[in-house]
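Per-entry structural report
Residue-level listing of the chains:
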Amino acid sequence: MVRRIVLAVVVFAAVSACAQECPQPNSNGPTTPSKIRSLEGKLIYHDGIRQWFELKLDHPQCGQKSIQLIMQESDWTPLEILRGCRVRSKGTIDFSPTGYYSLDLFQDVEQIKPVGDCRRQPPFPSYSDAKPDPTINHYRVEMFVDYRPGDHPILFRIRSGGKSLQPWQAYASYMLTGGQVLYGFCGKGFAVDKVFGAPAAKPSHFDELGAPDDMAMFDPVSAADQGHTELHLGYTCVRKGSLR
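First things first, this report covers the structure right here in the doc. What you see is a predicted model; the values in this text were computed from it and never measured.

**Details of unusual backbone geometry**
Backbone geometry follows two general trends: most residues other than glycine have a negative phi, and most peptide bonds adopt the trans configuration. Cis geometry is found at the peptide bond from Q166 to P167, where omega equals -10°. Tracing the backbone shows P167 in the loop between β8 (163-164) and β9 (172-176).

Here it is, written out as structure tokens:
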């Protein structure tokens, strides 16, 4: 009898340890992430409408051939410089909670290092200090959106009085929501004025003209459903306080 109890305890412990290798669903609340694990594979950077990192695994884990990598800390440089390399990453794995994620599972990376030969890449440039030209009072933002499958970054063209404005990141930014709604923003000190583009993408304002939370809003999913996957969208920006 004692031997049976001991055996049952050992089996239960083994099953519990195995279960911790992968995240566990919970219909009554938050999911349970895995224990901290090491994964190996090729690190791929997806430069599309939404930018994200994929770890293409050497061997499937938790039923997946690829897992999305994120870093809760704001500095993603460790991932940026190792893109294209084979890596070993360490962290917990969990189910992707929203449509902002691109794969079913993600790993919150605590450590990452190359495996074998690796040609490190330069980190992405930072435009956090870029500001609009103080002599500019209005400008036009054009967005060229390729919504076909694959990685297609949005291309921006910013112009004022026939002059091209650079870098575009000083004058515009965007967000693609988990529901695939595309929002466009102006640079610091500017507000959205007119919104334009392919009618199938439903160009509009998010809020009333001049409202603090207003932004340009587009629906690329509706456009794609109608066969319009290459979209020319845009909006104009004016100095705050000068909206008509």
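**Focus on the pattern of salt bridges**
One pass over the full model with this rule turns up 11 salt bridges. With a closest N to O distance of 3.5 Å, E40 and R86 form a salt bridge. Placement of the pair is E40 in strand β1 (residues 37-47) and R86 in strand β4 (residues 86-95), with a sequence separation of 46 residues. On the accessibility criterion, E40 (29% relative accessible area) is partly exposed. Linked through salt bridges whose partners overlap, the residues forming this network are E40, D58, R86 and R88.

**A word on the side chain of S160**
Relative to the elements of secondary structure, S160 occurs in strand β7 (residues 155-160). Take S160: its relative accessible area is 13%, and that puts it in the buried class. At 2.8 Å, the side chain of S160 and the backbone oxygen of H138 are in polar contact. Setting aside residues up to four positions removed in sequence, S160 forms contacts with I136, H138, Y139 and L165.

**Examining the sheet that holds strand β6 (residues 138-146)**
Reading across from one edge, β8-β7-β6-β14-β11 is the order of the five strands in this open sheet, with antiparallel pairing throughout. Edge strands, defined here as strands with exactly one partner in the open sheet, are β8 and β11 (190-197). As paired elements, β11 and strand β14 (residues 230-239) share six bridges and run antiparallel to each other. The residue bridging V195 from the neighbouring strand is Y235, located in β14.

**Side note on the sheet that holds strand β5 (residues 105-114)**
Neighbouring strands of a sheet are bound in pairs by backbone hydrogen bonds; such pairs are parallel or else antiparallel. Overall, mixed pairing links the five strands, which are arranged β1-β2-β3-β5-β4 in a closed barrel. Strand-to-strand twist in this sheet, taken as the mean axis angle between neighbours without regard to direction, amounts to 50°. When strand β2 (residues 51-61) meets strand β3 (residues 64-70), the two strands line up antiparallel, connected through five bridges. Across the sheet, E54 pairs through a bridge with Q68, a residue of β3.

**Observations regarding the packing of aromatic side chains**
One pass over the structure, following the stated rule, counts 10 aromatic pairs. Between the aromatic rings of F156 and W168, the centroid separation amounts to 4.1 Å while the plane-to-plane angle is 5°, which identifies the pairing as stacked. Taken as a pair, F156 in strand β7 and W168 in the loop between β8 and β9 lie far apart in primary sequence, 12 residues in all. For F156, a relative accessible area of 14% gives the class buried.

Definitions and limits used
The numbering scheme is per chain: residues are counted from 1 as the chain's sequence reads. Residue-level local features of this predicted model are given only where pLDDT is at least 70; pairs of side-chain atoms are given and counted only at 80 or more, and the full residue set underlies all totals for whole chains, interfaces and linings. Values shown for side chains rest on all heavy atoms present in the structure; no hydrogens or waters enter the calculation. Secondary structure counts use DSSP, requiring at least four H or I residues in a row for a helix and at least two E residues in a row for a strand, with both numbered from the N terminus. Within this document, salt bridges are pairs made up of a side-chain nitrogen of Lys or Arg and a carboxyl oxygen of Asp or Glu, the two lying within 4 Å of each other. Throughout, exposure labels follow a simple rule: accessible area from a 1.4 Å probe, protein chains only, divided by the maximum for the residue type, with under 20% read as buried, over 50% as exposed, and the rest as partly exposed. For the purposes of these results, a polar contact is taken to be a pair of N or O atoms within 3.5 Å, where, inside protein, one atom must be able to donate a hydrogen and its partner to accept one; residues adjacent in sequence count only when each atom of the pair is a side-chain atom. The contact criterion used is simple: two residues touch if any of their non-hydrogen atoms lie within 4.5 Å. Only strands joined by at least two bridges in the DSSP assignment are considered to pair. Only C-alpha atoms enter the line fits that serve as axes; for helices the fit covers just the stretch in contact. Angles between N-to-C directions range over 0 to 180 degrees. Stacked, edge-to-face and tilted are the three classes for Phe, Tyr and Trp ring pairs, Trp counted by its six-membered ring, which pair at centre distances within 6.5 Å; planes under 30 degrees apart are stacked, over 60 edge-to-face, the rest tilted.

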